[in-house]
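Listed below, chain by chain, are the residues.
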Amino acid sequence: MKTEARWKKALRYLGRALILSCPVCGKSPIFPPLHCTRTLRDWFTPLDGCPRCGYPYEREPGYFLVSVWIINYGAGSVLGIMIYVIREFFYHPPIGQLILSVIVPIFFFNLLFARHSKALFIALDHYYDPHEKDPGEDGGNLPKPEKPKGGPTAPDKPLPKPKPEPILH
Ligand SMILES: [Zn+2]
């Protein structure tokens, strides 16, 4: 199998995450379409897996904690600090106005960026820990086979010696 440059693969996964598409096939969406989104829960919750290739989006309970706490809040914090510094440095508004001008954009940014932060985390996870085995079987999207316990350095169990056949007279 031809090996692809790592940076090309990273860029491809990043591009797919930015358009909220499956990191494996790049065709199916990670989230339900907007016309099916009725509540905030629908907005934040990804589909169970890719309807095209079967790639599971949420591998385990709590899978998206990093995406919410680090990617989404981290990006919101950076945005808030930038707004604060620019407003304070150039305009010197009253403190109440300054706080509002920082908090309101962050609130909407985090709401809108939540889907992208989850998609970015899925892509990041798929890049560093591909959830697939060799292509050919089910599109290469099944979990990797587990290594046998004891590791590859464990000595193999010796085969029992064959019993000598009884001599018939
Ligand atoms: Zn897919």
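Everything quoted here is computed from the prediction, not taken from an experiment.

**Let's talk about the overall build of the chain**
Of regular secondary structure, the chain possesses four helices and zero strands. Tracing the chain from N to C terminus, the helices and strands come up as α-α-α-α. Taken across its 169 residues, the chain has 17% of its residues classed as buried. If you take every contact in the chain between residues at least 6 apart in sequence, the share linking residues at least 24 apart comes to 57%.

**What to know about the environment of Pro46**
Here Pro46 lies in the loop between helix H2 (40-44) and helix H3 (65-90). With 72 residues separating them along the chain, Pro46 and Lys118 place their C-alpha atoms 8.3 Å apart. Not counting residues within four places of it along the chain, the set of residues in contact with Pro46 comprises Ile30, Phe31, Tyr57, Glu58 and Lys118.

**Here we look at the packing of H3 against helix H4 (residues 95-128)**
Where H3 meets H4, the axes come as close as 8 Å, and the angle between the chain directions of the two elements is 150 degrees. With respect to H4, the element H3 is oriented roughly antiparallel. Crossing of H3 against H4: the hand is right-handed. Across the contact of H3 with H4, the residue classes break down as 17 nonpolar, seven polar and three charged.

**Let's talk about the confidence of the model for the chain**
When pLDDT is averaged along the chain, the result is 84; 76% of the residues meet or exceed 70. Within the chain, H4 carries the highest mean pLDDT (95), whereas H2 carries the lowest (92). For residues 136-140, every residue scores under 50 in pLDDT, and the model assigns this stretch eight contacts once sequence neighbours within four places are set aside.

Calculation notes
Residues numbered from 1 in each chain as written. Predicted model: local features only at pLDDT ≥ 70, side-chain atom pairs only at ≥ 80, totals over all residues. Helix = DSSP H or I, 4+ residues; strand = E, 2+ residues; numbered from the N terminus. Buried ≥ 20, exposed ≤ 12 C-beta atoms within 10 Å, placed from the backbone. Contact = placed C-beta atoms within 7 Å. Axes fitted to C-alpha atoms, helices over the stretch in contact; angles between N-to-C directions. Parallel < 35°, antiparallel > 145°, perpendicular 65-115°, else oblique. Left-handed = near helix turned anticlockwise from the far one by under 90°. Nonpolar A, V, L, I, M, F, W, Y, C, P; charged D, E, K, R; others polar. pLDDT = per-residue confidence, 0-100.

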